[in-house]
Amino acid sequence: MQNITVIGGGLAGALVLGGLVWFVATRRGKKKNSASNNKLASSLRDERAKSDFILNAIEDGVVFVGEDGSIGLFNPGAAKITGWEQADAQGLEWKSVFEFVDAKGAPVPDDVTPFIRAQRSTQPIHDNTANIKGKSGKVIAVSFTVSPLVDKGKVNALVAVLRDVSAERQEAAQRAEFISTASHEMRTPVAAIEGYLSLALNEKVATIDSRAKDFLEKAHASARHLGELFQDLLTSSKAEDGRLTNHPEVVEMGGFMEQLTSDLHFAAQKKNLVMEFTIGNDSVLNDQVIDASAPPSFANQKVVRPLYFVQVDPDRIREVITNLFDNACKYTDKGKISLGLTGNDKVVQLYIRDTGHGIPPEDVPHLFEKFYRVDNSATRTIGGTGLGLFICRKIVELYHGRIWLESKLGEGSSFYINLPRLSTQQAEALQAKQEAEPKAVDAEVSLNDIPSTPETTTAPSTGVPTTPGNPTP
Ligand code: ADP
């Protein structure tokens, strides 16, 4: 076996050994005459006593899933977390033991479970947000690390390490609740301060001398910044504990982006930045490039183009694109901002590209973290909270999408978003369902109905990449 993902120290040894014993023993049944397999199995069995000792001693759950999806090893830690007896769980398909659900106990699609993701991506998956239904039916918050055992590109087995994180999640929820209440309460007085400062600065309402005006302008800018901070804090804490209002519906991203681009172009114009919007792939004949710096008149354009259907809350996705666009404007002094929309049969890809300051490579992996701001002269003088990209990531993940960026310092940045694409038939069926029973569907069109972003790297039809490493649209 090659490329075996090792989890760390003694645990890794125990896991791999335990797994191998089971794996070889299983195979042996298929190839009875294989003397070398027998020898290997017996020498590994000698080591099993040691690995059993470690597996039984650790508190974390450890589970080994074979090629056929059945559970080969299920340590006492896993039994304690899930409520399943070791003997009952062993031999069952993993799906029978690990019923993945959302925080309210509703089932989640298989594609988003760490087992399927690890199997498809052939990479270890760390999932700190999962919930499972224990044997008794209780919803348990669990963090998973699922590592595939890969041989010649094929996943032969999966090793899962799990931990009950109910207490941690409860604490995080309490923290978020506090931040959310505090920021909600503080927004009102801050809005009042901002309002009174605006009145004081209004020449028709108040008379002030030029020195006082200067002070008040500074106070006004700070109050506005504080208001934005509270708003972002409120949104981010809601995003964290799943309270963000979310009404997904079928949205055709082409039309949606045209409208949004026309709303956004004033901000680019203000900074003398050229703004461009492209729909489709560069190689496709019916592409259209729209100079969005000019006042748009999309209604008059009759262009045949692909329809890019997704299922999202339009308000939320507008928030994401506007945030990325505002950043592009904020951190670009001259040049161009390009917005684009492309896709293949599985994915709709949006991009926002600028010719701005760029982002140092060491900051790129942290950019979507809460409060992260690049510390350089540009950001020190440009106001911000460091919460915008965190909120963007949370929203995109809500729709099983991905967001990532590429940047070259001094040359500019490109932010990409992939969302699962609905076929025209799927879109029509969902639309008909929504129209037929608007209220019920509102609740029912849950994220479970949204196909998750596939783990494939390139779709042959258009060649649109779907992984962070290769995002050229
Ligand atoms: P902020 O409110 O600080 O803009 P964000 O979360 O939106 O917060 O962005 C985090 C940081 O990422 C910013 O402070 C900035 O350093 C960097 N950043 C985001 N977008 C861009 C961009 N288009 N070009 C250069 N830097 C960017």
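Computed from a predicted structure; not experimentally measured.

1. Some details on the packing of helix H7 (residues 166–201) against helix H8 (residues 210–240)
With their axes 8 Å apart at the nearest point, H7 and H8 run at an angle of 155° to one another. Compared by their axis directions, H7 and H8 come out roughly antiparallel. In this structure, the crossing between H7 and H8 has a hand that is left-handed. Classifying every residue of the contact of H7 with H8 by side-chain character gives 16 nonpolar, eight polar and seven charged.

2. Quick look at helix H9 (residues 253–270)
Taking 1.5 Å of rise per residue, the 18 residues of H9 would be expected to cover 26 Å, and the 26 Å separating its terminal C-alpha atoms lies within 8% of that figure. Along its length, H9 shows its largest kink, about 35°, at Leu264. Asn272, located one to two residues past H9, shows a positive phi value of around 60°.

3. Quick look at the site of the ligand
Residues in contact with the ligand amount to 20 residues; listed here are only the nearest, Asn327, Tyr331, Val374, Gly384 and Gly388. Secondary-structure elements contributing two or more residues to the shell around the ligand are helix H10 (314–330) and helix H12 (388–398). Per-element accounting of the shell around the ligand gives the leading share, three residues, to H12. Per-class residue counts for the shell around the ligand are nine nonpolar, nine polar and two charged.

4. Structural notes on the confidence of the model for the protein
Here the protein averages 82 in pLDDT, while 79% of its residues score no lower than 70. In the predicted structure, residues 1–10 sits below a pLDDT of 50 and forms 18 contacts with residues beyond four places in sequence or in another chain. Note that pLDDT drops below 50 for residues 295–301; the model gives that stretch six contacts with residues more than four away or on any other chain.

Here is what the cut-offs are and how they apply
Residues numbered from 1 in each chain as written. Predicted model: local features only at pLDDT ≥ 70, side-chain atom pairs only at ≥ 80, totals over all residues. Axes fitted to C-alpha atoms, helices over the stretch in contact; angles between N-to-C directions. Helix = DSSP H or I, 4+ residues; strand = E, 2+ residues; numbered from the N terminus. Parallel < 35°, antiparallel > 145°, perpendicular 65-115°, else oblique. Left-handed = near helix turned anticlockwise from the far one by under 90°. Nonpolar A, V, L, I, M, F, W, Y, C, P; charged D, E, K, R; others polar. Expected span 1.5 Å × (residues − 1). Bend = angle between axes of the 7 residues up to and from the residue. Near = placed C-beta within 6 Å. pLDDT = per-residue confidence, 0-100. Contact = placed C-beta atoms within 7 Å.

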